[in-house]
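Residue strings, one per chain:
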Amino acid sequence: MTALALRDRSDRAVATKVLALVTDAATETVARLAAAELALGDIAVEGADLAAAAERLRQRASPSVLIVDLDGRTHSDGDPLAGLNHLAEACDPDVKVVAIGTRNDVGFYRALLQAGVAEYLVKPVTAADLVRA
């Protein structure tokens, strides 16, 4: 990352502790319930797919924990792993990423872990799932 990019990122407003960018109302509701259960006052839950998540993160400071939905538009080529790489370029390297999606495949899970995702949850998720993650 260039010095200019680092300076621009530090000039942004202070980040929320947890940012959840999800694609559907059910997952949004669960993320809000998990935030309430953990008494996290510093959480933002917004509707965004993986492609939009990268663009939003370019405009704000990185959160400590990012919950990102892999459903919906992922990247120009439709590959969630490429979308995650695009997302990684937009946020700080120490961000803990929890991914959510509908794909239930151990090979995909391992690829996500290798790409740096801390946890992957298969939909439908519960507030307890998010709290544990």
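The rules we used
Residues numbered from 1 in each chain as written. Predicted model: local features only at pLDDT ≥ 70, side-chain atom pairs only at ≥ 80, totals over all residues. Heavy atoms only, no water. Phe/Tyr/Trp six-rings, centres within 6.5 Å; stacked < 30°, edge-to-face > 60°. Helix = DSSP H or I, 4+ residues; strand = E, 2+ residues; numbered from the N terminus. Buried < 20%, exposed > 50% of the residue type's maximum accessible area, 1.4 Å probe, protein only. Core = buried A, V, L, I, M, F, W, Y, C linked by side-chain atoms within 4.5 Å. Contact = heavy atoms within 4.5 Å. Pairing = 2+ DSSP bridges. Salt bridge = Lys/Arg side-chain N within 4 Å of Asp/Glu carboxyl O.

Points about the packing of aromatic side chains
Thought 1: Under the definition given, this model contains one aromatic pair.
Thought 2: Ring plane angle 85 degrees and centroid distance 5.5 Å describe the contact between F108 and Y120, whose orientation is recorded as edge-to-face. Highlighted residues: F108 in helix 5 (residues 106–114) and Y120 in strand 5 (residues 119–122), separated in sequence by 12 residues. We note that F108, like Y120, is buried.

Looking at the nonpolar core
Thought 1: Counting residues in each nonpolar core, the largest one holds 22 residues, and the members touching the most others are L57, L66, V68, L70, L84, L87 and L112.
Thought 2: Listing elements by their share of this core, those giving two or more residues are strand 1 (18–22), helix 3 (50–58), strand 3 (65–69), helix 4 (80–90), strand 4 (96–101) and helix 5.
Thought 3: Excluding its chain neighbours within four sequence positions, the residues that come into contact with V68 are L21, L50, A53, L84, L87, V97, V98, A99 and I100.
Thought 4: Counting residues in hydrophobic clusters, the runner-up holds 14 residues, among them A20, A34, I100 and L121.

Some remarks on the pairing of strand 5
Thought 1: One ladder, built from four bridges, connects strand 4 with strand 5; its direction is parallel. Within the sheet, the bridge partner assigned to V98 lies in strand 5 and is E119.

Observations regarding the pattern of salt bridges
Thought 1: Inspection of the entire model under this criterion finds nine salt bridges.
Thought 2: Across the salt bridge formed by R60 and E46, the nearest N and O atoms sit 3.0 Å from each other. Pair noted here: R60 is in the loop between helix 3 and strand 3 and E46 is in strand 2 (residues 43–47), with a separation of 14 residues, a long-range link.
Thought 3: Overall, the relative accessible area of 27% leaves R60 in the partly exposed class.
Thought 4: Residue E55 is joined to R58 by a salt bridge in which the shortest nitrogen-to-oxygen separation is 3.7 Å. In this pair, E55 and R58 are both assigned in helix 3, three residues apart and thus about one turn of the helix distant.
Thought 5: Using a relative accessible area of 41% as the deciding quantity, one classes E55 as partly exposed.
Thought 6: On the accessibility criterion, R58 (30% relative accessible area) is partly exposed.
Thought 7: Members of the salt-bridge network, linked through shared partners, are D24, D69, D71 and K123.

Nothing here speaks to function; it is all geometry.
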